[in-house]
Amino acid sequence: MSKYPLGQYEADTITSKTGKKLSQITLDEVKRGSVTAEDIKISPEMLKRQGQVAASADNPQMEANFERAAELSNVPDDVILNMYNKLRPNRSTKNELVLMAKELLEKYQAPHCAKLVLEAAEIYEKRGILL
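Here's what I pulled together on the structure shown here. Every chain's residues receive numbers from 1 upward, in the order its sequence appears when written. With the structure being a predicted model, the display of local features is reserved for residues of pLDDT at least 70 and the display and counting of side-chain atom pairs for 80 or more, all residues being used for whole-chain, interface and lining totals. Hydrogens are left out, water is left out, and the side-chain values use all remaining heavy atoms of the structure.

**Considering the overall build of the protein**
And step 1. By the criteria applied, helices consist of DSSP H or I runs no shorter than four residues and strands consist of E runs no shorter than two, each listed in order from the N terminus. For the protein, the helix and strand inventory stands at 7 helices and 0 strands.
And step 2. Seen in sequence order, the protein has helices and strands lined up from the N terminus as α-α-α-α-α-α-α.
And step 3. Radius of gyration here uses only the C-alpha atoms, and the compact-globule reference equals 2.2 Å multiplied by the residue count raised to the power 0.38. Its C-alpha atoms give the protein a radius of gyration of 18 Å, clearly above 14 Å, the size a compact globule of 131 residues would have.
And step 4. When its C-alpha atoms are laid out on the principal axes, the protein stretches across 50 × 35 × 25 Å.

And the structure:
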């Protein structure tokens, strides 16, 4: 089991999306130009590890949040921003949200996120906050 906080106790086992270890991401390395913006993005595996910490602390809601975050780490930023806007009240039709969920599931293999979008579509419909 991982010791929390991971960044303090497990810097050599934490890797970024590019595989760089947290212990290798230092101010000196940034100044040398050996750390890129991609090197500081979190990996899906690390988000899942954070979820395991939450589960061991009996926090299933936080675990679910980390699981969805792990899925979204492979979704392009512009797609996430578009999703954010479409999930605001009175910004989408139910069909648009259903299509968004389908894209999350089929294109990005993000079943937990897709489920959340579908649940939002149902709730928005009941509350009358769809276009």
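On we go.
**A look at helix H7 (residues 111-127)**
And step 1. Here H7 spans 24 Å end to end across 17 residues, near enough to the 24 Å set by a 1.5 Å rise per residue.
And step 2. Accessibility here uses a 1.4 Å probe with only protein chains present; expressed as a share of the type maximum, an area under 20% marks a residue as buried, one over 50% as exposed, and anything in between as partly exposed. Within H7 the residues assigned to the buried category are Cys113, Ala114, Val117, Ala120, Ala121 and Tyr124. The buried residues of H7 all sit within an arc of 120 degrees when viewed along its axis, so they share a single face. Every exposed residue of H7 that faces more than 90 degrees away from the buried side is listed here: Lys115 and Lys126.
And step 3. Residues count as neighbours in contact if any of their non-hydrogen atoms are within 4.5 Å of one another. On its buried face, H7 is in contact with helix H4 (60-72) and helix H6 (94-106).
And step 4. Of the residues one or two after H7, glycine 128 is the one with positive phi, at around 70 degrees. Here the expected length of a helix is defined as 1.5 Å per residue gap, with one fewer gap than residues. The directions from the helix axis to the C-beta atoms are what the arc is built from.

**Here's the deal with the nonpolar core**
And step 1. Of all hydrophobic cores here, the largest spans 17 residues; its most connected members are Leu97, Met100, Leu104, Val117 and Tyr124.
And step 2. Among the elements that line this core, the one with the most residues is H7, at 6 residues.
And step 3. Beyond its immediate stretch of four places on either side in the chain, leucine 104 contacts Leu72, Val75, Met83, Gln109, Ala110, Cys113, Ala114 and Val117. Note on terminology: a nonpolar core comprises buried Ala, Val, Leu, Ile, Met, Phe, Trp, Tyr and Cys residues joined through side-chain atoms within 4.5 Å.

**Focus: the pattern of salt bridges**
And step 1. Between Lys or Arg on one side and Asp or Glu on the other, a salt bridge is scored when a side-chain nitrogen of the former is within 4 Å of a carboxyl oxygen of the latter. According to the stated counting rule, one finds 7 salt bridges in the structure shown.
And step 2. Where glutamate 38 meets lysine 41, a salt bridge forms, and the shortest distance between an N and an O atom there is 3.0 Å.
And step 3. Accessibility expressed as a relative area gives 32% for lysine 41, which makes it partly exposed.
And step 4. Glutamate 122 is the partner of lysine 94 in a salt bridge, and the nearest nitrogen-oxygen pair spans 2.8 Å. Separated by 28 residues along the polypeptide, lysine 94 in helix H6 and glutamate 122 in helix H7 bring together distant segments of the chain.
And step 5. Residue lysine 94 is classed as partly exposed on the basis of its relative accessible area, which comes to 25%.
And step 6. On the basis of relative accessible area, glutamate 122 is assigned to the partly exposed category, the value being 37%.
And step 7. Three or more residues are tied together by salt bridges with common partners; here these are Lys94, Glu122 and Glu125.

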